[in-house]
Amino acid sequence: MTQQPIDGAALLAEVEAFHRRFNVFPREAAYVAVALWDAHAHLLDAFDSTPRLAFLSPEPGSGKSRALEVVETLVPRPMLAVNARAAALFRSVSDPAGRPTILFDEIDTVFGPKAGDNEELRGFLNAGHRRSGVTYRCVGDGGNQTVVEFPSYTAVAVAGLGGLPDTITTRSVIIRMRRRARNEHVEPFRARLHEAEGNQLRDRLAQWADQVREDISGRWPQMPEGVTDRPADVWEPLLSVADAAGGDWPERARAACVELVNAARADDKGSIGIRLLTDLRDHVLAGIDRMPTVAVLDRLCALDEAPWADMSGRPLDSRGLAKMLGEYMTIDNAPVKARNIKTAGSVLKGYYAADLQDAWDRYCPPPLQKSATSATSATAQVSGLEKVAEDLFTSAT
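About the criteria used
Residues numbered from 1 in each chain as written. Predicted model: local features only at pLDDT ≥ 70, side-chain atom pairs only at ≥ 80, totals over all residues. Heavy atoms only, no water. Helix = DSSP H or I, 4+ residues; strand = E, 2+ residues; numbered from the N terminus. Buried < 20%, exposed > 50% of the residue type's maximum accessible area, 1.4 Å probe, protein only. Salt bridge = Lys/Arg side-chain N within 4 Å of Asp/Glu carboxyl O. Expected span 1.5 Å × (residues − 1). Contact = heavy atoms within 4.5 Å. Pairing = 2+ DSSP bridges. Axes fitted to C-alpha atoms, helices over the stretch in contact; angles between N-to-C directions. Left-handed = near helix turned anticlockwise from the far one by under 90°. Nonpolar A, V, L, I, M, F, W, Y, C, P; charged D, E, K, R; others polar. pLDDT = per-residue confidence, 0-100. Phe/Tyr/Trp six-rings, centres within 6.5 Å; stacked < 30°, edge-to-face > 60°. Lys NZ or Arg CZ within 6 Å of the ring centre and 35° of its normal. Core = buried A, V, L, I, M, F, W, Y, C linked by side-chain atoms within 4.5 Å.

K.L.:
Explain the overall build of the protein here, please?
P.N.:
If you tally the helices and strands in the protein, you get 16 helices and ten strands. Residue burial in the protein is summarised as follows: out of 397 residues, 45% are buried.

Pasting the structure below:
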């Protein structure tokens, strides 16, 4: 008996509505992204990569675990993995019965500040982002061991407090959860009542996936302007699902993609080195072609919500600044170093914007928009800053 085609757009709308009954997400784009992620988990073999889905919040009671519970009812072979070890996870992916969808609650206990590095688990999560990802382990007894290749490719959703390691964050769709306001109401989720409803949607998602798998395997979705590199890898499977579903999903998916990618960029401080480069470009050397080191440090340490005034209990000093900037290269492929700057009555060591330009272009996010007035004002401050630098230098010596 031929199975009737399933309307993908209508089915995704039902999945989205199911989430809306029990979850309050911080933005409309999150409902779109999560519904597409649920569907993509049924189609992993049609993609080259799978994005991680991360529900994160600064405080408990923000609905992270509830979101993961609802996802659990909608994805194939869900596997709850609280404090699971990497060895158990990569062996589960090799299960002949089929790969699981790993749902990792309380991920902050694994990667939080008191949890240690957990490099093995981090490596598993990173490798499993790509279909070609594998984990190598020695199997056998004593000296009779052989290297065995375990596939790592599988869908993973996590929930936790705080953040994630950068290598996982850049492979994830990030949903920044928050506590419900008094005027935000959801239906209480009762597993005995609602799990069966979610499972019915899951089964229909699996049937729809079988109908569109071949079509999706040949799709290369058009990315929104400005979405490239790793964000494009993250969103390509989700946009492919939206295009296969049709209706208004292709348009909604691309709008959600742009919104969440831009939100991630705004939240992303990058590595401490990229944070330093960005602060130098946007707040210290903005419109200024050179500045003595003492003035650079003074302005860095004065920045609100920046780490430079308290680097492990001490403010950033000239040695630390030189070490961090020395990791980056000038356009002439020489390490960035402090050079002589002639001031009114002396010569001080300092940094030139031209030496940092190549690193700014290669590593930093798009610059903050500055008005012509602010740039002119910044340029006018050069002589004053050099006077401040001389005063600081004199007092230090």
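Following the structure, the description resumes.
K.L.:
Can you walk me through the pattern of salt bridges in this structure?
P.N.:
A side chain of one charge can pair with a side chain of the opposite charge if their charged atoms are brought near each other. Inspection of every chain in the model, using the stated rule, returns 20 salt bridges. Ionic pairing is found between Arg 219 and Asp 215, a salt bridge with its closest N-O pair at 2.9 Å. Take Arg 219: its relative accessible area is 26%, and that puts it in the partly exposed class. The residue Asp 243 makes a salt bridge to Arg 254 at a minimum N-O spacing of 2.9 Å. Of the two residues, Asp 243 is situated in helix H9 (residues 229-245) and Arg 254 in helix H10 (residues 249-267); the sequence distance between them amounts to eleven residues. With respect to burial, Asp 243 and Arg 254 carry one shared label: buried.

K.L.:
What's the story with helix H2 (residues 28-40) in this structure? I'm lost.
P.N.:
In an α-helix, one turn spans 3.6 residues; hence positions three or four apart end up facing the same way. If you check H2, its first and last C-alpha atoms are 19 Å apart, about what 13 residues at 1.5 Å a residue would give, namely 18 Å. Taking burial as the measure, the 13 residues of H2 include twelve buried ones, the bulk of the element. Turning to H2, its buried residues number three or more, namely Ala 29, Ala 30, Tyr 31, Val 32, Ala 33, Val 34, Ala 35, Leu 36, Trp 37, Asp 38, Ala 39 and His 40.

K.L.:
Mind showing me how you'd approach the side chain of Asp 358 here?
P.N.:
Take Asp 358: it is sitting in helix H14 (residues 353-363). Once residues lying within four places of it in the same chain are set aside, the contact partners of Asp 358 are Met 329, Thr 330 and Ile 331.

K.L.:
Can you help me understand the sheet that holds strand S1 (residues 52-57) in this one?
P.N.:
Backbone hydrogen bonds are what pair the strands of a sheet, in a parallel or an antiparallel way. Taken together, the five strands give an open sheet; going across it, the order is S2-S3-S6-S1-S7, and neighbouring strands pair in parallel fashion. Only two strands of the sheet have a single neighbouring strand rather than two, namely strand S2 (78-80) and strand S7 (172-176). Neighbouring strand axes in the sheet, compared pairwise and without regard to direction, differ in orientation by 15° on average. Strand direction decides the pairing type here: S2 and strand S3 (residues 101-104), joined by three bridges, are parallel. By the bridge assignment, Pro 78 is partnered in S3 with Thr 101. Across the sheet, H2 is in contact with S1, S3, strand S6 (156-161) and S7; its angle to S1 comes to roughly 140°.

K.L.:
I would appreciate a short explanation of helix H3 (residues 64-74) in the present structure.
P.N.:
Looking only at H3, the buried set comprises Lys 64, Ala 67, Leu 68, Val 70, Val 71, Thr 73 and Leu 74. Residues of H3 that are buried sit in contact with helix H1 (8-22), H2, S1, S3, S6 and helix H8 (191-217).

K.L.:
Looking at this model, I keep getting lost on the packing of helix H11 (residues 272-284) against H14. Mind explaining?
P.N.:
What describes two packed helices is the angle between their axes and the distance between those same axes. Put simply, H11 and H14 touch, their axes get as near as 10 Å, and they point 115° apart. Handedness of the crossing formed by H11 with H14: left-handed. Contacts between H11 and H14 involve Ile 274, Leu 277, Leu 280 and Arg 281 from the former and Leu 356, Ala 359, Trp 360 and Tyr 363 from the latter. Its residues assigned to classes, the contact of H11 with H14 comprises seven nonpolar, no polar and one charged.

K.L.:
Would you explain the pairing of S6 in this entry?
P.N.:
Among the six residues in S6, five count as buried, and that is most of the element. As paired strands, S1 and S6 are joined by five bridges and run parallel to one another. When the sheet's bridge partners are listed, Ala 54 is paired in S6 with Val 158. The sheet contact formed by S3 and S6 spans three bridges and is parallel. Counterpart to Leu 103 in the pairing with S6 is Ala 157.

K.L.:
What is the right way to read the confidence of the model for the protein from this model?
P.N.:
Predicted coordinates in areas of low pLDDT are best not read in detail. Mean pLDDT over the protein works out to 86, with 87% of the residues at or above the 70 mark. Across the protein, the secondary-structure element scoring lowest on mean pLDDT is helix H15 (residues 372-380), at 41, and the one scoring highest is H1, at 98. Low pLDDT (under 50) marks residues 370-383, which in the prediction has seven contacts with non-local residues, meaning those over four places away or in another chain. In this model residues 392-397 is a low-confidence stretch, pLDDT under 50, and it forms three contacts with partners more than four residues away in sequence or in other chains.

K.L.:
Would you explain the packing of aromatic side chains in this entry?
P.N.:
To describe a pair of aromatic rings, one takes the distance between the centres and the angle between the planes. According to the stated counting rule, one finds five aromatic pairs in the structure shown. Between Tyr 328 and Tyr 363, the ring centres sit 5.2 Å apart and the planes meet at 70°, which makes this aromatic pair edge-to-face. With Tyr 328 in the loop between helix H13 (318-325) and strand S9 (339-342) and Tyr 363 in helix H14, the pair connects residues that are 35 residues apart, well separated along the chain. Residue Tyr 328 is classed as buried on the basis of its relative accessible area of 12%. The structure contains a cluster of three or more aromatic residues connected by ring pairs, namely Phe 18, Phe 22 and Phe 189. Above the ring of Trp 249, the side-chain terminus of Arg 252 is found at 4.9 Å from the ring centroid. The lysine or arginine in question, Arg 339, covers the ring of Tyr 352, its NZ or CZ lying 4.0 Å from the ring centre.

K.L.:
What is the right way to look at the nonpolar core in this model?
P.N.:
Formed by 63 residues in total, the largest nonpolar core has its most connected members in Phe 55, Ile 175, Trp 208 and Trp 235. Setting aside anything within four residues of it in sequence, one finds Phe 55 in contact with Phe 25, Val 34, Lys 64, Ala 67, Leu 68, Val 71, Val 158, Ala 159, Gly 160, Ile 175 and Met 177. Counting residues in each nonpolar core, the second largest holds 25 residues, with Leu 297, Met 324, Tyr 351 and Leu 356 among its members.

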